[in-house]
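What follows is each chain in one-letter form.
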Amino acid sequence: MSDLRITEAFLYMDYLCFRALCCKGPPPARPEYDLVCIGLTGSGKTSLLSKLCSESPENVVSTTGFSIKAVPFQNAILNVKELGGADNIRKYWSRYYQGSQGVIFVLDSASSEDDLETARNELHSALQHPQLCTLPFLILANHQDKPAARSVQEIKKYFELEPLARGKRWILQPCSLDDMDALKDSFSQLINLLEEKDHEALRM
Amino acid sequence: MLIQVCLYFYCKFLWRCLKFVMRKLTGRCELQRICYNTKPGASRTMKIETSLRDSKSKLLQTSVSVHPDAIEKTIEDIMELKKINPDINPQLGISLQACLLQIVGYRNLIADVEKLRREPYDSDNPQHEEMLLKLWKFLKPNTPLESRISKQWCEIGFQGDDPKTDFRGMGLLGLYNLQYFAERDATAAQQVLSDSLHPKCRDITKEEISKFSKAEWEKKRMDKAIGYSFAIVGINITDLAYNLLISGALKTHFYNIAPEAPTLSHFQQTFCYLMHEFHKFWIEEDPMDIMEFNRVREKFRKRIIKQLQNPDMALCPHFAASEGLINM
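All values reported here derive from a predicted model rather than from experimental measurement. (Residues numbered from 1 in each chain as written. Chains lettered and ligands numbered in written order. Predicted model: local features only at pLDDT ≥ 70, side-chain atom pairs only at ≥ 80, totals over all residues. Heavy atoms only, no water.)

Asker: Explain a nonpolar patch on the surface here, please?
Answerer: A cluster of nonpolar side chains, L18, F20, V21, M22 and L25 of chain B, forms an exposed patch at the surface whose accessible area comes to about 510 Å². For F20 of chain B, a relative accessible area of 55% corresponds to the exposed category. (Patch = residues over 30% accessible without salt bridge, like charges linked within 9 Å, V, L, I, M, F, W, Y side chains within 5 Å. Areas by Shrake-Rupley, 256 points an atom, 1.4 Å probe, with all protein chains shown as cover. Salt bridge = Lys/Arg side-chain N within 4 Å of Asp/Glu carboxyl O. Buried < 20%, exposed > 50% of the residue type's maximum accessible area, 1.4 Å probe, protein only.)

As structure tokens, then:
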């Protein structure tokens with residue numbers, strides 16, 4: 001047993017004792033939301049989620065199948081089901097839409113015309129899918145740090161977001177792995193949308 | 001909680017007192033006691049490594065990271081420090097040298113593997129390109145590649161027209177391992193590739209025949225495909241092997257199979273073994289489709305780690321270490 005693990009266990013027990021002594025009780029539970037994260041292969045889904053969980057995105061390999069990550073934020077925990085984006089896996093996406101409360105769509109702003117068109121088609125299918133059409137969408141225009149990256153206006157126009165996504169709640173955010181603050185901001189906005197939806201459901 | 005407090009104090013203070021007492025009782029230092037009491041192989045080498053690393057002597061602490069050429073001198077210095085007479089204990093020096101060679105070799109292997117991993121695949125580098133094309137030739141000797149960027153790459157399990165994007169986090173290490181597997185273990189590699197492409201034949205029951213038309217039944221058969229992508233799975237297994245190496249879990253395996261310092265080819269042989277085993281495991285698990293990959297991979301990883309916890313374990317015994325080492 002290594003020294004480090006014992007010291008960590010020690011510290012955690014100290015923390016719990018301290019809370020108990022100060023009559024604070026256990027730390028308050030944050031609301032949890034189930035999200036699904038989709039996008040073409042190479043758009044940066046795994047890297048972004050890893051970075052949000054304070055893990056290094058350096059060793060990330062292509063996601064085959066799907067993986068679930070619990071991404072912690074100050075006021076909520078997002079349980080994100082991240083689906084691989086390869087051609088042979090995209091046909092299985094709709095299987096995982098059930099039970100989602102929100103969608104994160106990641107695209108590579110610097111990809112080729114063909115890939116961008118494929119991304120557009122996938123986004124449109126998702127926006128119109130019966131299980132996703134009422135949910136809030138967070139669309140991340142990733143890889144903004146690359147020279148070939150298209151701007152947010154171009155993306156908004158190309159993806160026809162204004163006409164197609166009218167009446168739905170969506171956020172379009174330019175981002176890159178270097179700028180985590182902007183990314184966290186957009187997630188806060190998404191959490192607000194999710195909370196609103198929750199309150200609506202309660203009132204009904 | 002009490003147990004943890006006791007363990008904490010034991011780790012910090014008591015074990016040194018215990019070592020002192022044992023030295024006085026047996027007349028031998030800890031290194032000698034380990035070599036006498038433990039048979040050569042992973043058990044001995046790992047105990048020696050812990051002993052050296054946790055020692056209060058600077059010489060012993062730094063001995064785990066010396067250059068391989070300086071090992072002989074380091075062992076002589078250690079024997080002098082511990083006042084061990086090499087004439088009375090001729091085998092001790094040799095045993096310690098063997099252990100230290102493995103320990104230092106493992107560390108250097110980590111550094112070499114990390115260097116390969118950090119090197120991204122570069123399509124402008126002719127050596128990288130040559131290796132990629134060789135990979136195609138080994139896996140598909142009868143099919144010429146139409147062009148460097150082509151949908152044909154999907155036939156060997158890459159995700160798009162250009163394999164370079166698939167090497168991501170594993171860099172050149174992924175390509176090296178795939179190429180080693182395809183070249184040195186060609187029959188196995190081609191078998192795995194062929195299995196991964198063909199759909200599984202599902203036996204159909206009489207009720208199902210009446211329910212579905214022939215066309216629908218054909219489609220169902222195709223859907224129930226083993227269908228995983230050879231290259232992508234290979235890169236994932238490289239990731240698995242890399243993590244096992246870095247975390248030290250592979251020490252059991254390498255210290256048991258390599259009587260001298262573990263090298264990159266030992267690592268690549270281990271990769272081939274893991275590819276084989278994973279393929280068998282995948283078929284045993286009989287998953288619905290590729291979407292279960294991460295679940296199956298995690299289960300496989302836990303199984304390997306459990307196997308490696310046995311100190312006598314060698315995953316793929318190409319040659320047994322204990323024959324080369326001298327028993328004390």
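Once you've had a look at it, read on.
Asker: Any chance you could explain helix α2 (residues 45-52) of chain A here in plain terms?
Answerer: Owing to its 3.6 residues per turn, the α-helix aligns residues three or four sequence positions apart on the same side. Residues and elements named next belong to chain A. The element α2 is extensively covered by neighbouring structure, given that 7 of its 8 residues are classed as buried. For α2, the full list of buried residues reads K45, T46, S47, L48, L49, S50 and L52. For α2, the elements touching its buried residues are β1 (32-39), β2 (66-72), β3 (77-83), β4 (102-108), β5 (137-142) and α7 (180-203). One or two steps after α2, the chain reaches S54, where phi turns positive at roughly 60 degrees. (Helix = DSSP H or I, 4+ residues; strand = E, 2+ residues; numbered from the N terminus. Contact = heavy atoms within 4.5 Å.)

Asker: Would you mind showing me how to read the nonpolar core here?
Answerer: Nonpolar side chains tend toward joint burial in soluble globular proteins. Counting 114 residues, the largest nonpolar core has I38 of chain A together with I48, F158, F181 and F230 of chain B as the members making the most contacts within it. Both domain 1 (15-107) and domain 2 (126-142 + 150-309) of chain B contribute no fewer than three residues apiece to this core. Within the second largest apolar cluster, 25 residues are counted, among which are L78, I104, C175 and L190 of chain A. (Core = buried A, V, L, I, M, F, W, Y, C linked by side-chain atoms within 4.5 Å. Domains from an automatic or database assignment.)

Asker: Just checking my understanding: could you explain the side chain of R44 of chain B for this structure?
Answerer: All names here are of chain B. Of note, R44 is situated in helix α3 (residues 42-53). Buried charge R44 goes without a salt bridge, the closest partner of opposite sign being D312 at 11 Å. Engagement of the side chain of R44 in a polar contact is seen with the backbone oxygen of C35, the distance being 3.2 Å. (Lys, Arg positive; Asp, Glu negative; His and termini not counted. Polar contact = N/O pair within 3.5 Å; in protein donor to acceptor, adjacent residues only side chain to side chain.)

Asker: Where do I start with the pairing of β4 of chain A in this structure?
Answerer: When a strand is regular, its side chains alternate between the sheet's two faces. Residues and elements named next belong to chain A. The buried fraction of β4 amounts to 7 of the 7 residues, a majority that puts the element mostly inside the structure. Here β4 shows two buried faces, one formed by G102, I104, V106 and D108 and the other by V103, F105 and L107. Where β1 lies against β4, 5 bridges are found, and the strand directions are parallel. Opposite G39, over in β4, you have V106 as the bridge partner. Pairing between β4 and β5: 6 bridges, direction parallel. Along β5, the bridge assignment pairs F105 with I139. (Pairing = 2+ DSSP bridges.)

Asker: Explain the domain arrangement of chain B to me, please; I cannot follow it from the model alone.
Answerer: How big an interface is tends to be stated in terms of the accessible area lost upon association of its parts. All names here are of chain B. Its domain assignment divides chain B into domain 1 (15-107) and domain 2 (126-142 + 150-309). Listed by partner, the interface residues are 10 residues for domain 1 and 15 residues for domain 2. Summing the contributions of domain 1 and of domain 2, the shared interface buries around 1,000 Å²; its carbon and sulfur component is 62%. Three residues stand out in domain 1 for area buried against domain 2, namely A42, Q102 and Y106, and they jointly supply 59% of the buried area on that side. (Buried area = accessible area lost by both parts, 1.4 Å probe.)

Asker: Looking at this structure, how should I read the UniProt feature "binding site: Mg(2+)" (unreviewed entry) in chain A?
Answerer: All names here are of chain A. Residues annotated by UniProt as "binding site: Mg(2+)" (unreviewed entry) correspond here to T46 and T63. For this annotated set, covering 18 residues, all C-alpha atoms fall within 7.3 Å of each other, a compact arrangement in space. Within the secondary structure, T46 is located in helix α2. The class of T46 is buried, set by a relative accessible area of 17%. (UniProt positions renumbered as here; feature names shortened; annotations may be inferred.)

Asker: Can you help me understand the packing of helix α6 (residues 90-118) of chain B against helix α8 (residues 171-184) of chain B in this one?
Answerer: Packed helices, taken two at a time, are described by their axes: the angle between them and the distance between them. Residue and element names in this part refer to chain B. Their axes nearest at 4 Å, the elements α6 and α8 cross at an angle of 105 degrees. With respect to their mutual orientation, α6 and α8 come out roughly perpendicular. Every residue of α8 that contacts α6 at V113, L116 and R117 is listed here: G171, L172, L173 and Y176. A breakdown of the residues in the contact of α6 with α8 according to their chemical character gives 5 nonpolar, 1 polar and 1 charged. (Axes fitted to C-alpha atoms, helices over the stretch in contact; angles between N-to-C directions. Parallel < 35°, antiparallel > 145°, perpendicular 65-115°, else oblique. Nonpolar A, V, L, I, M, F, W, Y, C, P; charged D, E, K, R; others polar.)

Asker: What is the right way to read the pattern of salt bridges from this model?
Answerer: When the charged atoms of two side chains lie near each other, side chains of opposite charge can form a pair. Inspection of the entire model under this criterion finds 28 salt bridges over all chains. Its salt-bridge partner being R90 of chain A, residue E122 of chain A comes within 2.9 Å of it at the nearest N-O pair. Of this pair, E122 of chain A sits in helix α4 (residues 113-128) while R90 of chain A sits in helix α3 (residues 87-90), and the two are 32 residues apart along the sequence. Among the residues examined, E122 of chain A registers a relative accessible area of 18% and is labelled buried. We note a salt bridge from R301 of chain B to E298 of chain B, for which the minimum N-O separation is 2.9 Å. With R301 of chain B and E298 of chain B both in helix α15 (residues 293-308) and 3 residues apart, the pair spans about one turn of that helix. With relative accessibility at 28%, the residue R301 of chain B sits in the partly exposed group.

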